[in-house]
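The lines below spell out each chain.
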Amino acid sequence: MLSFFRKRRRGRVLGPGARSRIASILARDLALWRTLSATERDRLCDLALVLIAEKRWEGCAGLTLTEEMRALIAAQAALLLMGFDLDPLTSPVYPNVRDVLVYPSGYFATTRRRDAMGVVHEGSPNLGEAWYGGPVIVSWEHAAHGARDGSDGRNLVLHEFAHKLDMLDGVVDGTPPLAGAAAYSTWRQVMNDAFARLRSARPGASVLVLDRYGATSPAEFFAVATEAFFERPREMREREPALYDTLAMYYRQDPAARGP
Ligand SMILES: [Zn+2]
């Protein structure tokens, strides 16, 4: 019954007018748009429109959210979902995200942290966060950069929403829900090996396809690896083939095979 109402509501959200409006924004400002097939573009638009309609979007620190901002953030989040077995008319989409908060640029986190010298900071400059059981928070300046530059390997929105996928099984450990014991065993082995390589890599090592921030923890490793998987896929496939294959299996996408 729930899905009947959802289907009816989404049928209105996914009208041809809405799809062509968002497509024109993405064609202009989402760099990865050019690499997608027509079918993938339609799917990306549909999933992004659902995210725009069903999440609570809030501009913070005086930011007034525009249609373009919502479209570009939602589309980057939707990129992660494109290969999943989701029906845009009926499936839950990021069921663990209710709110998306957008700051104009870097902002001060509200959490208190104690640094190595024992100083407690009331806030630290932050570009984005994904709270377990809470919102996704992003800096618009950095989300916009991620949309417009699709090949520097850094992408704030992909990073934060990858954390949300990781959290779907209730644990923030760098392992999202997978299908079956064999998948978990491959995942652990491949991720542990690649994580260890990143941790032991010399600073500035030119072989790195992953940002060193990924060495912080397995959860950050998955988020950072997701950024590189979508933004530097051919490089990752060449330098970290097992990692690439494992992420391709999980996301059910092969970005290295897409156009330049
Ligand atoms: Zn992170």
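Predicted model only: the values in this text are computed from it and were never measured.

What counts, and at which threshold
- Residues numbered from 1 in each chain as written.
- Predicted model: local features only at pLDDT ≥ 70, side-chain atom pairs only at ≥ 80, totals over all residues.
- Heavy atoms only, no water.
- Axes fitted to C-alpha atoms, helices over the stretch in contact; angles between N-to-C directions.
- Helix = DSSP H or I, 4+ residues; strand = E, 2+ residues; numbered from the N terminus.
- Parallel < 35°, antiparallel > 145°, perpendicular 65-115°, else oblique.
- Left-handed = near helix turned anticlockwise from the far one by under 90°.
- Contact = heavy atoms within 4.5 Å.
- Nonpolar A, V, L, I, M, F, W, Y, C, P; charged D, E, K, R; others polar.
- Donors = N, O, S within 2.8 Å, 3.2 Å for Na, K, Ca; no water.
- Tetrahedral: all angles 85-135°; square planar, octahedral: opposite > 155°, others 65-115°.
- Buried < 20%, exposed > 50% of the residue type's maximum accessible area, 1.4 Å probe, protein only.

## So, the packing of helix α4 (residues 67–79) against helix α6 (residues 156–166)
- Between α4 and α6, the shortest axis-to-axis distance is 9 Å and the interhelical angle comes to 55°. For the element pair α4 / α6, the angle class is oblique. For α4 against α6, the interelement crossing comes out right-handed. Residues I73, Q76, A77 and L79 of α4 lie in contact with α6, whose contacting residues are V157, L158 and F161.
- Across the contact of α4 with α6, the residue classes break down as 6 nonpolar, 1 polar and no charged.

## What to know about the coordination of the zinc ion
- Distances from the zinc ion to its protein donors, H159 (NE2), H163 (NE2), E220 (OE) and E220 (OE), fall at 2.0 to 2.7 Å.
- Viewed at the metal, the 4 donor atoms of the zinc ion are separated by angles of 53 to 145°, and the geometry they form is irregular.
- Ordering the donors of the zinc ion by residue number gives the pattern H-x3-H-x56-E. Placement of both H159 and H163 in helix α6 is noted, with a separation of 4 residues, approximately one turn of the helix.
- Owing to a relative accessible area of 6%, H163 belongs among the buried residues under this scheme.

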